Amino acid sequence: LPCEKLVECVKLHKNFAQLGADERREEARSAFTCTRQVKGKRILVIDDVLTTGSTMDAVAHVLKKAGAKEVVGLTLCSTPINRREDFKPLLPEENV
């Protein structure tokens, strides 16, 4: 599988580890931009840690908006489920 940097962080944000779920979502919404042509591509996004899902959701949103056919997320580690109970995706499930 080719490995390419398709998304770039364009906004300096606060340390996500110290933010609550709502603050993470707000910061993530405007933090990323797509840097390559992705129209019609199927993309696997890999992130190190899933806490609220805000980063993964925001990256998927940017890629889908840029024309990606499918975006799938894979995370290496996750915080306990009870810390993610307030997870609210930016997009409806069928669009992510």
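Residues numbered from 1 in each chain as written. Predicted model: local features only at pLDDT ≥ 70, side-chain atom pairs only at ≥ 80, totals over all residues. Heavy atoms only, no water.

Trainee: Quick one: what's the story with the nonpolar core, residue by residue and with numbers?
Mentor: Of all hydrophobic cores here, the largest spans 16 residues; its most connected members are Phe32, Ile43, Val45 and Leu63. When residues of this core are traced back to their parent elements, those giving at least two are strand E3 (42–50) and helix H2 (54–65). Among the elements that make up this core, the one with the highest residue count is H2 (six residues). Apart from the residues within four sequence positions on either side, Leu63 is in contact with Leu6, Val7, Cys34, Val38, Ile43, Val45, Ala68 and Val71. (Core = buried A, V, L, I, M, F, W, Y, C linked by side-chain atoms within 4.5 Å. Buried < 20%, exposed > 50% of the residue type's maximum accessible area, 1.4 Å probe, protein only. Helix = DSSP H or I, 4+ residues; strand = E, 2+ residues; numbered from the N terminus. Contact = heavy atoms within 4.5 Å.)

Trainee: Explain the environment of Ala31 to me, using residue names and the numbers behind them.
Mentor: Here Ala31 shows up in the loop between helix H1 (21–29) and strand E2 (32–34). Taking C-alpha positions, Ala31 is 8.1 Å from Ala58, a pair spaced 27 residues apart along the chain.

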